[in-house]
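Residues per chain, in single letters:
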There are 2 protein chains.
Amino acid sequence: MSTELVNVKMFGQTGAVPTPTRPYHHGNLRSALIAAAVAEIESAGAARLSLREIARRAGVSHAAPAHHFGGKTGVFTAIAAEGFGLLAERTGRRAGQPDALLATALAYIEFGVEHRGYFEVMWRPDLHDASDPGLAAARDRAFEIFYATVGTGTDSADPDALRDAAVAAWSAVHGFVVLWLSGNLPAELGRDPAAAALSAARGMIAVGRATERQLSPEELPSSE
Amino acid sequence: MSTELVNVKMFGQTGAVPTPTRPYHHGNLRSALIAAAVAEIESAGAARLSLREIARRAGVSHAAPAHHFGGKTGVFTAIAAEGFGLLAERTGRRAGQPDALLATALAYIEFGVEHRGYFEVMWRPDLHDASDPGLAAARDRAFEIFYATVGTGTDSADPDALRDAAVAAWSAVHGFVVLWLSGNLPAELGRDPAAAALSAARGMIAVGRATERQLSPEELPSSE
DNA sequence: TGTACATCAGTGAACGCGCGTTCACTGATGTAC
DNA sequence: TGTACATCAGTGAACGCGCGTTCACTGATGTAC
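Residues numbered from 1 in each chain as written. Chains lettered and ligands numbered in written order. Predicted model: local features only at pLDDT ≥ 70, side-chain atom pairs only at ≥ 80, totals over all residues. Heavy atoms only, no water.

1. Side note on helix 2 (residues 29-44) of chain A
All names here are of chain A.
Next, step 1: The end-to-end C-alpha distance of helix 2 is 22 Å, a good match for the 22 Å that 16 residues give at a rise of 1.5 Å each.
Next, step 2: Those residues of helix 2 lying buried are Leu29, Leu33, Ile34, Ala36, Ala37, Val38, Glu40 and Ile41.
Next, step 3: In the core, the buried residues of helix 2 are packed alongside helix 3 (51-58), helix 4 (64-69), helix 5 (72-92) and helix 7 (116-122).
Next, step 4: Phi turns positive, to about 90 degrees, at Gly45, one or two residues after helix 2. (Helix = DSSP H or I, 4+ residues; strand = E, 2+ residues; numbered from the N terminus. Expected span 1.5 Å × (residues − 1). Buried < 20%, exposed > 50% of the residue type's maximum accessible area, 1.4 Å probe, protein only. Contact = heavy atoms within 4.5 Å.)

As structure tokens, this is what we get:
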């Protein structure tokens, strides 16, 4: 009898075979728990997440997640940090391209829609520990990429103008993701988030012009 | 002994005074429960809301909320409907003004920030019953006002262009509120949401221009 | 190569808690006469 | 004006459930010799 066979998980089995044991040490419990938690958040929402449900999904004892992460906050913190890493990777790829701002905006939206489990946790300091060094580093890295892209995309030299543009662009893409995920956007936009986001980008041009028309002269940005 | 005195709530009392009874029928339990629920959501988040906590805040028996609203979904549905009513009232006030789009955007943001308890529930069909007739009517009314304002503000005659502009404007204000409420926006924006939103509006002009520059000619909106 | 031992990842039984729901009830209110 | 009665808003005791946490434990792994 090979060790392979012995170590395989065979929970459903009830035959004459002596109860096969899965290895006592999981080997990669951390990843398994995070994956289980993300899957659970995607199917039931972050509010419903319980340590016991994570354990059930990962096939370990109910005390294992708390043992490994210290508690629910620890799980959320790990998810958020990993999420910012994934986001930075996606958006960073576009840096330098001539249409980097638009491409980054679409990358942000695609990330949020494809990874709602991560996305939902990343912006919720009430769930995770925002001061965790690993999380803070990952978040800062993602922000740097975003700011740099907005800076070159909008030709904003003035730091205040850059910040305002970054907040505006971020609000727009973030709001789009949130409304999309919660099913609030009109159904006519279709089911492809990238196509819908492109439509919204077209709309953004009209909104920018209307804003310019409606802001009083002294409220308008001075430069450019 | 006046009825006033008899009816007053005196829970802490243990003296010789005969136990004063508060009226068996509350009189306005519905409003009291909604107010209690909104207050609880604002202090602890919608995820933590329990029927028992609502009852505690309202000073009624723990079974009263379920008795009145049928269950937690009923409470959330009532909150959402009332929230859309409040939003429509606020944004509707600005219709017709020359700067209606900007004013409506600011009104949306102020509403979201001031009434986070309502705001959080309104966009969560997983919490409330979106098909409830009262809720649907209130929501449609609020949407009509928003669409009309965006239509006149952006001069969008084409229905598709109007929809795109509405989605873009909505994403922007909605994203701003969500990021503001979750504490994710940079601290330099200050503590006054209206001032911060005005800054973001300035940034929106630059973002609109950058979007126009980066969209390829065939992706650009044809009219205007 | 073999043995002894420290480490610590993961277990599983037990606990107390707050929750939603049920249900027989209480008592205020409104209406019919 | 007074009486009888139906209605139903709100009560409170009781229930079972899933949760997080604790803690003595088990057993795989790595290291010292």
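And the narrative resumes.
2. A word on the relation of the copies chain B and chain A
Next, step 1: By a simple turn and slide, chain B fits onto chain A: the slide is 0.0 Å along the axis, the RMSD is 0.0 Å, and the turn is 180 degrees. Each copy turns onto its partner about a two-fold axis.
Next, step 2: The residues that chain B uses at the interface reappear at the interface of chain A in 100% of cases, marking a shared surface. (Least-squares fit on C-alpha atoms with pLDDT ≥ 70 in both.)

3. Examining the interface of chain B and chain A
Next, step 1: Contacts between chain B and chain A engage 54 residues on the former and 54 residues on the latter.
Next, step 2: Carbon and sulfur atoms make up 64% of the area that chain B and chain A hide from each other, which totals about 5,000 Å².
Next, step 3: At the boundary of chain B with chain A, the tally comes to six salt bridges.
Next, step 4: Between B:Arg163 and A:Glu188 there is a salt bridge, with the nearest N and O atoms lying 3.5 Å from each other.
Next, step 5: At the boundary of chain B with chain A, the tally comes to 14 residue pairs in polar contact (both at pLDDT 80 or more).
Next, step 6: If you list the elements that add at least two residues to the side of chain B that touches chain A, you get helix 6 (100-114), helix 8 (133-154), helix 9 (159-181) and helix 10 (193-214) of chain B.
Next, step 7: Sort the elements by how many residues they give to the side of chain B that touches chain A and helix 10 of chain B lands first, with 17 residues. (Buried area = accessible area lost by both parts, 1.4 Å probe. Salt bridge = Lys/Arg side-chain N within 4 Å of Asp/Glu carboxyl O. Polar contact = N/O pair within 3.5 Å; in protein donor to acceptor, adjacent residues only side chain to side chain.)

4. Section: the confidence of the model for chain A
Residues shown with low pLDDT carry predicted positions that ought not to be read at fine detail.
Next, step 1: For chain A, per-residue confidence averages 89 on the pLDDT scale, and 88% of positions sit at 70 or higher.
Next, step 2: Between residues 1-20 of chain A, whose pLDDT stays under 50, and residues either more than four places distant or in other chains, the model counts 12 contacts. (pLDDT = per-residue confidence, 0-100.)

5. Side note on the nonpolar core
Next, step 1: In terms of nonpolar packing, the biggest core is built from 130 residues, with A:Ile79, A:Phe176, B:Ile79 and B:Phe176 touching the most fellow members.
Next, step 2: In this structure B:Phe176 touches A:Val167, A:Ser171, B:Ile109, B:Leu185, B:Pro193, B:Ala196, B:Ala197 and B:Ala200, once residues within four positions along its chain are discounted. (Core = buried A, V, L, I, M, F, W, Y, C linked by side-chain atoms within 4.5 Å.)

6. Things to note about the environment of A:Asp99
Residues and elements named next belong to chain A.
Next, step 1: Position of Asp99 relative to the elements: it lies in the loop between helix 5 and helix 6 (100-114).
Next, step 2: Relative accessible area serves as the criterion here: at 29%, Asp99 is assigned to the partly exposed category.
Next, step 3: For Asp99 and Ala168, which are 69 residues apart along the polypeptide, the C-alpha to C-alpha distance reads 18 Å.

7. Digging into the domain arrangement of chain A
All names here are of chain A.
Next, step 1: In terms of domain boundaries, chain A breaks down into domain 1 (7-69) and domain 2 (72-219).
Next, step 2: Centre-to-centre separation of domain 1 and domain 2, based on C-alpha positions: 33 Å.
Next, step 3: Contacts between the two partners involve 13 residues from domain 1, matched on the other side by 15 residues from domain 2.
Next, step 4: Across the domain 1/domain 2 interface, buried area totals approximately 1,200 Å², and carbon plus sulfur atoms make up 70% of it. (Domains from an automatic or database assignment.)

8. Some remarks on the pattern of salt bridges
Next, step 1: Counting across every chain of the model gives 21 salt bridges over all chains.
Next, step 2: In this structure, A:Glu89 engages A:Arg93 in a salt bridge whose closest nitrogen and oxygen atoms are separated by 3.6 Å.
Next, step 3: For A:Glu89, a relative accessible area of 47% puts it in the partly exposed group.
Next, step 4: Here A:Arg93 falls in the exposed class, since its relative accessible area comes to 54%.
Next, step 5: One salt bridge connects A:Arg209 with B:Glu212, and the closest N-O pair in it is separated by 2.5 Å. Pair noted here: A:Arg209 is in helix 10 (residues 193-214) and B:Glu212 is in helix 10, and the two residues belong to different chains.
Next, step 6: Accessibility expressed as a relative area gives 27% for A:Arg209, which makes it partly exposed.

9. Concerning the environment of A:Asp155
Next, step 1: With respect to the element layout, A:Asp155 can be found in the loop between helix 8 (133-154) and helix 9 (159-181).
Next, step 2: The class of A:Asp155 is exposed, set by a relative accessible area of 56%.
Next, step 3: The spatial distance from the C-alpha of A:Asp155 to the C-alpha of A:Pro186 is 33 Å, given a sequence separation of 31 residues.
Next, step 4: The contacts of A:Asp155, once residues within four sequence positions are left out, are A:Val150 and B:Arg213.

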